[in-house]
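# Descriptive analysis of the structure
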Amino acid sequence: MRFIVAHTSPDMDAITSIWLIKKFLTGWEDAHLKFVPAGDRIGGEPKGQSFDYAIEKIDKDEYVQVDTGMGPLDHHQTQSSETCAATLTFDFVKKDLLSHNPPVNPEKLEALERMVAYVLDVDHFKEVFRPDPLADYHDFSVVNILDGLKLEKPDQDEYYVRFISECLDMLLHDFENKIWAEREIRKNGIEFKTRWGKSLALESINDSVIKLAQQVGYVVVVRKDPRKGYLRIKAMPDKNEKDKGVDLTLACEKLKKMDPSATWFLHVSKKMLLNGSPKNPKMKPTKLPLSAIIGVLETI
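Residues numbered from 1 in each chain as written. Predicted model: local features only at pLDDT ≥ 70, side-chain atom pairs only at ≥ 80, totals over all residues. Heavy atoms only, no water.

Right, let's get into the packing of helix α2 (residues 85-98) against helix α3 (residues 106-123). At their nearest, the axes of α2 and α3 sit 10 Å apart, and the two run at 170 degrees to each other. As the angle between them shows, α2 and α3 are arranged roughly antiparallel. Here α2 and α3 pass one another in a crossing that is right-handed. Judged by residue contacts, A86, T87, F90, K94, L97 and L98 of α2 engage L109, L112, E113, V116, V119 and L120 from α3. For the contact of α2 with α3, the per-class residue count stands at nine nonpolar, one polar and two charged. (Axes fitted to C-alpha atoms, helices over the stretch in contact; angles between N-to-C directions. Helix = DSSP H or I, 4+ residues; strand = E, 2+ residues; numbered from the N terminus. Parallel < 35°, antiparallel > 145°, perpendicular 65-115°, else oblique. Left-handed = near helix turned anticlockwise from the far one by under 90°. Contact = heavy atoms within 4.5 Å. Nonpolar A, V, L, I, M, F, W, Y, C, P; charged D, E, K, R; others polar.)

Printed below as a string of structure tokens:
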């Protein structure tokens, strides 16, 4: 049998390490979990610190021990703030990832690198250096969810691992989407100017491009789905009630005249003009090309 060993009341570092092994180390997806007091290990002293000793043979079973036990996948024997169990475990499984046929795609690999970097940051308590460390939105995080789980369901270590591992599965998808969106904006984005500021249009099936483009400063973003033909125009929200920025009413009126057979929905905020949505499959996509949409936005 195969076992992964971690310390009791596992933190994000330990759980991420377990998740990496079960998800990406060939043959370890069904490994059983064991928990020991922090610093302890199963078996004798570690035989060495290289990854050659990460999988230990104990009697007839195989063990990997993470974030405890002073072995190759523990970091408590070093004072470095540039390493943690998750960074070590990621480096350990990366060789297996790269040997897959076909090899893991670059977006997934980069997504894992970014996720592990976040875990490293919080494992060394570096969130105190964020520009606004007391802001409540930081508390809507997987780290705080884990803290809440331990209050809601004390002493349920396997449950913590199972729950947070599912969160990590979902976050991996989200990070991959973000990286994909970054590349699509760079490669396919068409910049143009409106009276409100710099804007961007592109064809993409990835809806993440809209939010990401606004996060990097585009005031108006247009996304056309090349498969379904649907179109979304989204403008920056107002910072406050007094700051009245973009109003897409004129764009809506003009586009309705240009393509009256399409379904156009102007959100009450006047910041979103939708032509098709997974929330309303009855909407009819526009036949207008992206260049026509850009032309309207440039001239209103």
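Take the pattern of salt bridges next. As a working rule, side chains carrying opposite charge can pair if their charged atoms are close by. All told, the structure shown has 14 salt bridges when counted by the stated rule. Linking R114 and E182 is a salt bridge whose minimum nitrogen-to-oxygen distance equals 2.8 Å. Taken together, the positions of R114 in helix α3 and E182 in helix α5 (residues 157-188) put the pair 68 residues apart, joining distant regions of the chain. The class for R114 is partly exposed, based on a relative accessible area of 25%. R223 is the partner of D207 in a salt bridge, and the nearest nitrogen-oxygen pair spans 2.9 Å. Residue D207 is located in the loop between β6 (197-203) and α6 (208-215), and its partner R223 is located in strand β7 (residues 220-224); the two are separated by 16 residues in the primary sequence. (Salt bridge = Lys/Arg side-chain N within 4 Å of Asp/Glu carboxyl O. Buried < 20%, exposed > 50% of the residue type's maximum accessible area, 1.4 Å probe, protein only.)

The next subject is the packing of aromatic side chains. By the definition in use, this model includes four aromatic pairs. Considering the side-chain rings of F3 and Y63, the 5.0 Å spacing of their centres and the 20 degrees angle between planes classify their relative orientation as stacked. Residue F3 is found in strand β1 (residues 2-7), and its partner Y63 is found in strand β4 (residues 61-65); the two are separated by 60 residues along the sequence. Here the two residues F3 and Y63 agree in accessibility, since each one is buried. Consider the rings of W19 and F24, whose centres lie 5.8 Å apart with planes at 85 degrees: the pair is edge-to-face. For W19, a relative accessible area of 4% translates into the label buried. When its relative accessible area of 7% is taken as the criterion, F24 is described as buried. A cation sits over an aromatic face here: K34 above F3, 4.3 Å from the ring centre. Over the ring of Y159 we find K153, and its NZ or CZ is 5.4 Å from the ring centre. (Phe/Tyr/Trp six-rings, centres within 6.5 Å; stacked < 30°, edge-to-face > 60°. Lys NZ or Arg CZ within 6 Å of the ring centre and 35° of its normal.)

On to helix α8 (residues 290-299), then. Where α8 is concerned, the buried positions are L290, A292, I293, I294, V296 and L297. Buried residues along α8 sit in contact with β5 (190-194), β6, β7, β8 (231-235) and α7 (249-258).

Our next topic: the sheet that holds β1. Ordered in space as β2-β1-β4-β3, the four strands form an open sheet in which the pairing is mixed. In the strand order of this sheet, the two ends are held by β2 (32-36) and β3 (55-58), each with one partner. Pairs of neighbouring strands in the sheet enclose a mean axial angle of 35 degrees, with direction left out of account. Two elements, β1 and β2, share five bridges in a ladder whose sense is parallel. Counterpart to F3 in the pairing with β2 is H32. Running at roughly 165 degrees to β1, helix α1 (residues 12-24) makes contact with β1, β2 and β4 of the sheet. (Pairing = 2+ DSSP bridges.)

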